[in-house]
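# Chains, contacts and geometry: an overview
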Amino acid sequence: MAIPAFLEPLLARQYGADLAATIVEGLAAKRAVTLRANTLLSDRDAVAEALDQAGISWEPVGWYRDALALPRASQRDVWDLPAYESGHLYMQSLSSMIPPLALGARAGEDICDMCAAPGGKTTQIAALTGAGARITACEMHAPRAEKLEFNLNRQSARNVTVMRTDARRLDDFFSFDRILLDAPCSGSGTLSAADPRVEKRFTPHLIEKSRKSQQALFDKALKLLKPGGTLVYSTCSILREENEAIVEEGLRRAPRDRAFSVKPFDLDASSELPRLPVSLEGALCLAPTDRYEGFFVAKIVRTG
Ligand SMILES: C[S@@+](CC[C@H](N)C(=O)[O-])C[C@H]1O[C@@H](n2cnc3c(N)ncnc32)[C@H](O)[C@@H]1O
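Bear in mind that the values here come from a model prediction, so they are computed numbers and not experimental data.

### Structural notes on the overall build of the protein chain
The number of helices and strands found in the protein chain is 11 helices and 12 strands. A globule of 304 residues ought to have a C-alpha radius of gyration of about 19 Å, and the protein chain, at 19 Å, matches this closely. Considering only C-alpha atoms, the protein chain reaches an extent of 60 × 50 × 35 Å along its principal axes. By residue count, 54% of the 304 residues in the protein chain fall in the buried class. By sequence separation, contacts in the protein chain at least 24 residues apart represent 75% of the contacts at least 6 residues apart. Within the protein chain, the 39 negative side-chain charges are centred at a point lying 5 Å from the centre of the 38 positive side-chain charges.

### Section: the packing of helix α10 (residues 204-224) against helix α11 (residues 244-252)
For the pair α10 and α11, interaxial distance at closest approach is 9 Å and the crossing angle is 45°. By the angle between their directions, the pair α10 and α11 is classed as oblique. Pair α10 / α11 crosses with right-handed handedness. In contact with Arg-211, Gln-214, Gln-215, Phe-218, Asp-219 and Leu-222 of α10, α11 contributes Ala-245, Ile-246, Val-247, Glu-249, Gly-250 and Leu-251. Residue composition of the contact of α10 with α11, grouped by class: six nonpolar, three polar and three charged.

### Examining the pairing of strand β3 (residues 67-70)
Burial along β3 is two-sided: the face carrying Ala-67 and Ala-69 and the face carrying Leu-68 and Leu-70 are both buried. Relative to β3, strand β1 (residues 33-37) is paired through four bridges, and the arrangement is antiparallel. Residue Thr-34 lies in a different strand from β3, and its bridge partner there is Ala-69. With two bridges connecting them, strand β2 (residues 59-60) and β3 associate as antiparallel partners. The residue of β3 that forms the bridge with Pro-60 is Leu-68. Between β2 and β3, which pair antiparallel in sequence order, lie six residues.

### Describing the UniProt feature "active site" (unreviewed entry) in the protein chain
Feature annotation in UniProt assigns "active site" (unreviewed entry) to the following positions: Cys-236. Take Cys-236: it is sitting in the loop between β9 (225-235) and α11.

### Looking at helix α8 (residues 142-154)
Spanning 13 residues, α8 covers 18 Å between terminal C-alpha atoms, matching the ideal 18 Å at 1.5 Å per step. All of the buried residues in α8 are Ala-145, Leu-148, Asn-151, Leu-152 and Arg-154. Of the surrounding secondary structure, the elements contacted by the buried residues of α8 are α5 (82-85), β4 (89-91), α7 (120-128), β6 (134-138) and β7 (160-163). Directly beyond the C-terminal end of α8, a positive phi value near 60° is found at Ser-156.

### Details of the sheet that holds β1
With respect to topology, four strands assemble into an open sheet ordered β2-β3-β1-β4, the strand pairing being antiparallel. Looking at strand neighbours, the two that pair on one side only are β2 and β4, the edges of this open sheet. This element, helix α3 (residues 44-53), spans β1, β2, β3 and β4 of the sheet and lies at about 15° to β3.

### Quick word on the site of the ligand
Contacts to the ligand come from 20 residues, most closely from Glu-139, His-141, Arg-144, Asp-166 and Asp-182. A distance of 2.6 Å separates an oxygen atom of the ligand from a polar side-chain atom of Glu-139. For the ligand, a nitrogen atom lies 2.9 Å from a polar atom in the backbone of Ala-167. Class assignment for the residues of the shell around the ligand results in 10 nonpolar, four polar and six charged.

Parameters at a glance
Residues numbered from 1 in each chain as written. Predicted model: local features only at pLDDT ≥ 70, side-chain atom pairs only at ≥ 80, totals over all residues. Heavy atoms only, no water. Helix = DSSP H or I, 4+ residues; strand = E, 2+ residues; numbered from the N terminus. Rg over C-alpha atoms; globule rule 2.2 N^0.38 Å. Buried < 20%, exposed > 50% of the residue type's maximum accessible area, 1.4 Å probe, protein only. Contact = heavy atoms within 4.5 Å. Lys, Arg positive; Asp, Glu negative; His and termini not counted. Charge placed at Lys NZ, Arg CZ, Asp CG, Glu CD. Axes fitted to C-alpha atoms, helices over the stretch in contact; angles between N-to-C directions. Parallel < 35°, antiparallel > 145°, perpendicular 65-115°, else oblique. Left-handed = near helix turned anticlockwise from the far one by under 90°. Nonpolar A, V, L, I, M, F, W, Y, C, P; charged D, E, K, R; others polar. Pairing = 2+ DSSP bridges. UniProt positions renumbered as here; feature names shortened; annotations may be inferred. Expected span 1.5 Å × (residues − 1). Near = heavy atom within 4 Å. Polar contact = N/O pair within 3.5 Å; in protein donor to acceptor, adjacent residues only side chain to side chain.

Put into structure tokens, the structure is as follows:
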């Protein structure tokens, strides 16, 4: 099985042939298992000690103290740890830890995670706010909403209300200080040649379907944002049509009585991130590598 052949020309149109070839190589690389210490129940040092005791070698991640990379471990090695079972850690890709950091949520705020299951980012936001924020987590697919609730319980994220609903239909009466829209996407940044279903799953139709849903969700997010509020838009796609184009079109047709601006966000030691060029100033797009998934993150602030 191979990465579908139509992807490389698509990438080449966006990034040029050389970079497209490097990206496809990055997709084929075996990615290191990475995890996040759950500070609602434990901390980085305790998780590191549990790994040491199990003989699993780990490396720190420069831009996020709670993240650990396990270059030689398998997922099963982590599943076997008591600290995994008890929710003291959460297996999560490094790239997907960035949107909650970019969101910058604080205790006391109203937060919405519009597309929340299985809950990696919801539980991270809960941990980052010390369980002091009011978090609404939407998920429209019932089995995935169950998985979300399971993970929230296991991670002890008690300040989260789960809404089993289509976030596109949220009443405009709601308003939030911060919204994370980690949108459903084609997954072009995380494709694996080892996945036997990759050719059936990743199709031009999936990109188009994702794009429509992303735009509708983005438009809704802008309506739900309080003045001064922050929206973070992210996908695990590296295609411009699912990323920059969604943000640009959403801002173009935003309600005329509101103003929004794309803002850069800081990440300590972010020079270690494998950045791809972006056409939206302030946004971040990561290349797939043996450590990172391909990922896009943009931060939008309602300025008026
Ligand atoms: C990229 S995944 C989210 C991953 C999640 N943020 C995490 O970090 O664990 C997108 C999720 O959005 C859900 N979804 C798709 N369309 C939705 C919609 N219109 N409203 C709510 N949830 C939706 C999907 O079922 C899927 O679980």
